[in-house]
Amino acid sequence: NGLIITTIACDHHLHTPMYFFLLNLSLLDLGSISATVPKAMANSLWDTRDISYSRCAAQVLLVFFFFGAEFALLTIMAYDRYVAICKPLHYGTLLGSRACVHMAAAAWASGFLHAVLHTANTFSLPLCHGNALHQFFCEIPQILKLSCSHSYLREVGLLVVSACLGFGCFVFIVVSYVQIFRAVLRIPSEQGRHKAFSMCLPHLAVVSLFICISVFAHLKPPSNSFPLLDLVVAVLYSVVPPAVNPLIYSMRNQEVKNAL
């Protein structure tokens, strides 16, 4: 992620909307993996499992912020690919530098608002079932298990609203790609179709990885008798996407490889 950020920032050939959004994605991936892994590594090295209440709240805030902003940004990147392939003559107009900055800022702001609402609501609940989380980082479902207040239903309601917003983004991505594939299949030359598909496949792979792991993590049945399963799933969705995303984009992108 650090290499991609540095490369895009330093190489003026990569100062285009697609790579601007990729730079933002790498920043979010770097932030999301930094919010959980360093503390887990420190606990492992020092043979401790402790985390303070304030650090736990900060971790929840950061995890929700980075993952919420990342999904919003992936939705914007789907729009970028749609305009590039379906409306290429309007690309410079619809995705000018100011529009790109505004869209990226909206993704970061929506992620932050989403995180603040969930964190404030979760940490206003009284905890009466101990203070031990069966997880390597602070996660809202694990914290709700410790609450004895019926007001936790407010947080469940917020989670449902978030799921509906996420579903709306998912529908937007699907509709965008339906339009993209219809446009690509109308391209007469095989070389043109191959170039168009190569522009979309990295983004599609990142979106699929992000959605599949998130859905598996949050829609799997409760596993109180198998806490190890929760741990494995948490590692999957908190570590794998931020680590794999830069590989997907750099290995399939000749411009990024040349710039590197």
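All residue numbers refer to position in the chain's written sequence, counted from 1. Note on the predicted model: pLDDT of at least 70 is required for a residue's local features to be given, and 80 or more for side-chain atom pairs to be given and counted; whole-chain, interface and lining totals, by contrast, use all residues. Hydrogens and waters are ignored; side-chain quantities use all the structure's heavy atoms.

As named in an unreviewed UniProt entry, the protein is Olfactory receptor, taken from Corythaixoides concolor. Under the Sequence similarities (unreviewed entry) heading, UniProt states for the protein: "Belongs to the G-protein coupled receptor 1 family." You can read under Subcellular location (unreviewed entry) in the UniProt record for the protein the words "Cell membrane". UniProt positions are given in the numbering used here, feature names are shortened, and annotations may be inferred rather than shown by experiment.

Asker: Would you mind showing me how to read the state of the cysteines here?
Answerer: Disulfides are covalent bonds that link the sulfur atoms of two cysteine residues. The disulfide definition used here is simple: a pair of cysteine sulfur atoms within 2.5 Å. Within this structure, the stated rule accounts for one disulfide. Note that cysteine 56 is cross-linked by a disulfide to cysteine 138, the S-S spacing being 2.1 Å. On the S-S bond that ties cysteine 56 to cysteine 138, the torsion sits near -125°, and the link is left-handed. Here cysteine 56, found in helix H3 (residues 53–86), pairs with cysteine 138, found in the loop between helix H5 (97–122) and helix H6 (140–144); they are 82 residues apart in sequence, far enough to count as distant. Considered together, cysteine 56 and cysteine 138 belong to a single accessibility category, that of buried residues. Numbering of helices and strands starts at the N terminus; helices are DSSP runs of H or I of at least 4 residues and strands are runs of E of at least 2. Using a 1.4 Å probe on the protein chains alone, a residue whose accessible area is under 20% of its type maximum counts as buried, one over 50% counts as exposed, and one in between counts as partly exposed.

Asker: Would you take a moment to explain the pattern of salt bridges for this structure?
Answerer: We count a salt bridge whenever a side-chain nitrogen from Lys or Arg sits within 4 Å of a carboxyl oxygen from Asp or Glu. Using the criterion set out here, one finds one salt bridge in the structure. A salt bridge links arginine 81 to aspartate 80; the shortest N-O distance between them is 2.7 Å. Aspartate 80 carries the same exposure label as arginine 81, and that label is buried.

Asker: What is the right way to read the UniProt feature "transmembrane region" (unreviewed entry) in the protein from this model?
Answerer: The UniProt entry lists residues 18–37, 57–79, 99–117, 156–178, 199–219 and 231–249 under the feature "transmembrane region" (unreviewed entry), expressed in the numbering used here. Each end of residues 99–117 is marked by a C-alpha atom, and these two atoms are 27 Å apart; helix forms 100% of the span and strand 0%. Secondary structure content for residues 231–249 is 100% helix and 0% strand, while the C-alpha to C-alpha distance between its ends is 28 Å.

Asker: Looking at this model, I keep getting lost on the nonpolar core. Mind explaining?
Answerer: Within soluble globular proteins, side chains that are nonpolar tend to cluster in buried spots. In this description, a nonpolar core means a group of buried Ala, Val, Leu, Ile, Met, Phe, Trp, Tyr and Cys residues linked to one another through side-chain atoms lying within 4.5 Å. Grouped together as the largest cluster of nonpolar side chains are 62 residues, with contacts concentrated most on Phe21 and Leu25. For this core, the secondary structure elements donating two or more residues are helix H1 (2–10), helix H2 (17–45), H3, H5, H6, helix H7 (152–185), helix H8 (190–219) and helix H9 (227–251). At 20 residues, H3 tops the list of elements feeding residues into this core. Note on contacts: a residue pair is in contact if any heavy atoms of the two residues lie within 4.5 Å. In contact with phenylalanine 21, not counting residues within four places along its chain, are Leu73, Ile76, Met77, Asp80, Leu95, Cys100, Met103 and Ala104.

Asker: What exactly am I supposed to notice about the packing of H2 against H5 here?
Answerer: Any two packed helices are characterised by the angle at which their axes cross and by the distance between the axes. Between H2 and H5, whose axes approach to 11 Å, the crossing angle comes to 20°. Taken together, H2 and H5 sit at an angle that is classed as roughly parallel. Crossing of H2 over H5 shows right-handed handedness. On H5, the residues touching Pro17, Phe20, Phe21, Asn24, Leu27 and Leu28 of H2 are Cys100, Val101, Met103, Ala104 and Trp108. Of the residues assigned to the contact of H2 with H5, the class counts are 10 nonpolar, one polar and no charged. To obtain each axis, a line is fitted to C-alpha atoms, and for helices this fit is confined to the stretch in contact; angles are then taken between N-to-C directions over 0 to 180 degrees. Here is the rule for angles: anything less than 35 degrees is roughly parallel, anything more than 145 is roughly antiparallel, 65 through 115 is roughly perpendicular, and the remaining ranges are oblique. Crossing handedness is defined as follows: a turn of the near helix away from the far one that is anticlockwise and smaller than a right angle gives a left-handed crossing, while the clockwise case is right-handed. Three classes are used: nonpolar for Ala, Val, Leu, Ile, Met, Phe, Trp, Tyr, Cys and Pro, charged for Asp, Glu, Lys and Arg, and polar for all others, with Gly counted as polar.

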